[in-house]
Amino acid sequence: MENLSAALTQFVSFEVLLSIMIGCLWGTLAGALPGMGTVAALIVALPFTFSMSTEASMSLFLGIYVTSVYGGSISAILINTPGTPQSAATVLDGYPMAKAGKADLAIGWATLSSLIGGIFSLIVLIIAAPALARVSVAFGPAAIFALIVFALTCIAWVSRGSAIKGLLAGMIGLWLTTVGPDDLTGYSRFDFDLDALAGGLSLIPVLIGLFALSEVFHRAAYFFASKPADVTNVGFRLPPFAEVRIRFWQFFQSCAIGTFIGILPGTGATAATFVSYSQLRRTSPRAANFGKGEPDGLIASEASNNAVTGGALIPTLALGIPGDGGTVVLLGVLTIQGVVPGFDLINNNPQLLTGAFLVILVANFLMFGIGALGARLFARILSVPEPLLMGMILLFSLVGAFVVRGNPVDILVAVIAGIAGLILRFARYPVAPIVIGMALGTTFEGKLRQGMISANGNFLEFIADPIAVSILLITAAVVLSPVIRRHFSKTQTPAN
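So, here is what we can say about the structure in this document. Keep in mind that this is a model prediction, so the values were computed, not measured.

**Digging into the overall build of the chain**
Stage number 1. Each helix and strand counted, the chain has 20 helices and two strands in total.
Stage number 2. Relative to its 496 residues, the chain shows a buried fraction of 54%.
Stage number 3. Restricting to contacts in the chain with at least 6 residues of sequence separation, those with at least 24 account for 79%.
Stage number 4. On the chain, roughly 21200 Å² of surface is accessible, and the fraction owed to carbon and sulfur atoms is 68%.

As structure tokens, then:
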């Protein structure tokens, strides 16, 4: 109660409340506009946080983070174009429902599912984050090293298309952190005798390039793609309670899947959405209607992708390990504001963590209100000319890349990263693992070297820590599970 009182004192102010409102409005709008997405929405807001208080900047970013995933469902339902990749599965049942003249009911189902998913994951976050952060104080260098290895393994495990490509992308991210001065010796590494690289690479410009600028370049390449026809009956209508009640188990499954996958570092809401959708398509009593405007499909997509937000914040706030691209930006903002996630946050600033819980709660209900009142308005905004939208993203992205360090080189780094991100997208390489690897790289190297020094260079002695051994065994199980499943499937297949 003491932390709650302190949090209310810090967070109940005009600046913070205004920041939450602006963040929720901008997050929903940015999510609804195809081509923006969560990371781009956060990046656009980044330059405004440098003159804001810690509480206000946290509130702004959490508001954007919570609502931007929901916003993608609006364009997915109305124009058959998901505003964010996380809403890709929403198209499958949302747009057929809209074409049948039930766009208002589809938005009602999506909004309600998003609220339930967000509240479910918030409850898990409130329970898990403080407990996990308190346990993290027992983590030595070897345990943190093993935890990051597990995080990188998760990146490869869930990378769509190829685990090898996901792992390779994560390794690239780790390597990028080694560019510039060595923290231990002071010598410069991998700078290729270029003064521009002597200071190393900052995470934010690389992130801006890989996500925001590569999206601008990608949208420009497909600028002349045709748009689907408009739909009718745009508005907001909640489903009857009887329809909601009979789908309790579908809500629970989707929320649980989204929260669990959100906790795994490097996964994100897109993976959770398709896992949830495929699961409900197998188990729902209304599975035959999937793809024809079935509300269960909207529940599978929207409850799971919004549950990811709370799940991804668990490792971010408790351990300082970002759960997805959006939490990487949030982690950067917290660091700039002098807030160190993990045990220090719980021990030294518990009111900030409690305040974050309150902000997320308020943001979820604001999201519901914005969806209910603004559906018609968002339908009109979706007609904004794409060149204007992409130009705005480009401008704010370049400003955001510059203001982090005030270094003009970071603008060039962002542009080069944007071109590289576009090439990687065409080659079907995931870019999120690069950012996650870069966010974890400094800690990964630091803990490895710190532990090896204390173990006199003996790697086996270094990883002899019981927590580290346990985590590495779990990591091995994750890596070997596909091989084991294939082996058992072959042995159980009857011979012809």
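**Brief notes about the side chain of S254**
Stage number 1. Counting through the fold element by element, S254 comes out in helix 10 (residues 248-263).
Stage number 2. Within the structure, S254 has its side chain in polar contact with the backbone oxygen of Q250 (distance 3.0 Å).

**Digging into empty space enclosed by the protein**
Stage number 1. Following the criterion strictly, the structure yields one cavity of 30 Å³ or more and no others.
Stage number 2. The residue makeup of the lining of the largest cavity, split by class, is seven nonpolar, no polar and no charged.

**Points about the packing of aromatic side chains**
Stage number 1. On inspection of all chains with the given rule, the structure shows nine aromatic pairs.
Stage number 2. Aromatic side chains F236 and F368 sit 5.9 Å apart centroid to centroid with 85 degrees between the ring planes, which places their arrangement in the edge-to-face category. Of this pair, F236 sits in the loop between helix 8 (203-221) and helix 9 (241-245) while F368 is found in helix 15 (residues 350-381), placing the two residues 132 residues apart along the sequence.
Stage number 3. Here F236 falls in the partly exposed class, since its relative accessible area comes to 23%.
Stage number 4. Through a chain of ring-to-ring contacts, three or more aromatic side chains come together here, namely F145, F444, F459 and F462.
Stage number 5. Between the NZ or CZ atom of K165 and the centre of the ring of Y429, over which it lies, the distance is 5.0 Å.

**Describing the pattern of salt bridges**
Stage number 1. Taken as a whole and assessed by the stated rule, the structure comprises ten salt bridges.
Stage number 2. Measuring nitrogen to oxygen at the nearest pair gives 3.2 Å for the salt bridge that ties D104 to R237. Pair noted here: D104 is in helix 5 (residues 90-136) and R237 is in the loop between helix 8 and helix 9, with a separation of 133 residues, a long-range link.
Stage number 3. The exposure class assigned to D104 is buried, which follows from its relative accessible area of 10%.
Stage number 4. Between D182 and R189 there is a salt bridge; the shortest N-O distance is 4.0 Å. Here D182 matches R189 in class, with each residue buried.
Stage number 5. Shared partners join several salt bridges into a network, and the residues in it are E243, R247, R286, E294 and D296.

**Remarks on unusual backbone geometry**
Stage number 1. Positive phi is not limited to glycine here, since F190 has a value of about 50 degrees.
Stage number 2. With respect to the helices and strands, F190 occurs in the loop between strand 2 (188-189) and helix 8.
Stage number 3. The residue N456 is not glycine, and still its phi comes out positive at about 55 degrees.
Stage number 4. For N456, a relative accessible area of 70% gives the class exposed.

**Remarks on a nonpolar patch on the surface**
Stage number 1. A cluster of nonpolar side chains, contributed by L167, L168, M171 and I172, occupies part of the molecular surface with about 310 Å² of accessible area.
Stage number 2. The topology assignment puts L168 in helix 7 (residues 163-176).
Stage number 3. Note on L168: relative accessible area 41%, which makes it partly exposed.

**A closer look at the packing of helix 8 against helix 13 (residues 325-336)**
The angle between the axes and the distance between the axes are what describe a pair of packed helices.
Stage number 1. Between helix 8 and helix 13, the shortest axis-to-axis distance is 11 Å and the interhelical angle comes to 155 degrees. The orientation of helix 8 relative to helix 13 falls into the category roughly antiparallel. As for the relative orientation of helix 8 and helix 13, their crossing is left-handed in sense. Facing L203, L207 and F211 of helix 8, the residues of helix 13 in contact are G325, V328 and V329.
Stage number 2. Here the contact of helix 8 with helix 13 is composed, by residue class, of five nonpolar, one polar and no charged.

**Here we look at the side chain of S304**
Stage number 1. Examined against the element boundaries, S304 turns out to sit in helix 12 (residues 295-319).
Stage number 2. Here S304 falls in the buried class, since its relative accessible area comes to 0%.
Stage number 3. Here S301 takes part through its backbone oxygen, which lies 3.0 Å from a polar atom of the side chain of S304.
Stage number 4. Setting aside its immediate chain neighbours within four residues, S304 contacts S254, G258, A272, T273, S276 and I299.

The rules we used
Residues numbered from 1 in each chain as written. Predicted model: local features only at pLDDT ≥ 70, side-chain atom pairs only at ≥ 80, totals over all residues. Heavy atoms only, no water. Helix = DSSP H or I, 4+ residues; strand = E, 2+ residues; numbered from the N terminus. Buried < 20%, exposed > 50% of the residue type's maximum accessible area, 1.4 Å probe, protein only. Contact = heavy atoms within 4.5 Å. Areas by Shrake-Rupley, 256 points an atom, 1.4 Å probe, with all protein chains shown as cover. Polar contact = N/O pair within 3.5 Å; in protein donor to acceptor, adjacent residues only side chain to side chain. 1 Å grid on protein atoms, 1.4 Å probe; cavity = no way out; pocket = protein on both sides within 12 Å on 5 of 7 lines; lining within 4 Å. Points joined across faces, edges and corners; volume = space filled by probe spheres on them. Nonpolar A, V, L, I, M, F, W, Y, C, P; charged D, E, K, R; others polar. Phe/Tyr/Trp six-rings, centres within 6.5 Å; stacked < 30°, edge-to-face > 60°. Lys NZ or Arg CZ within 6 Å of the ring centre and 35° of its normal. Salt bridge = Lys/Arg side-chain N within 4 Å of Asp/Glu carboxyl O. Patch = residues over 30% accessible without salt bridge, like charges linked within 9 Å, V, L, I, M, F, W, Y side chains within 5 Å. Axes fitted to C-alpha atoms, helices over the stretch in contact; angles between N-to-C directions. Parallel < 35°, antiparallel > 145°, perpendicular 65-115°, else oblique. Left-handed = near helix turned anticlockwise from the far one by under 90°.

That is the geometry; function is a separate question.
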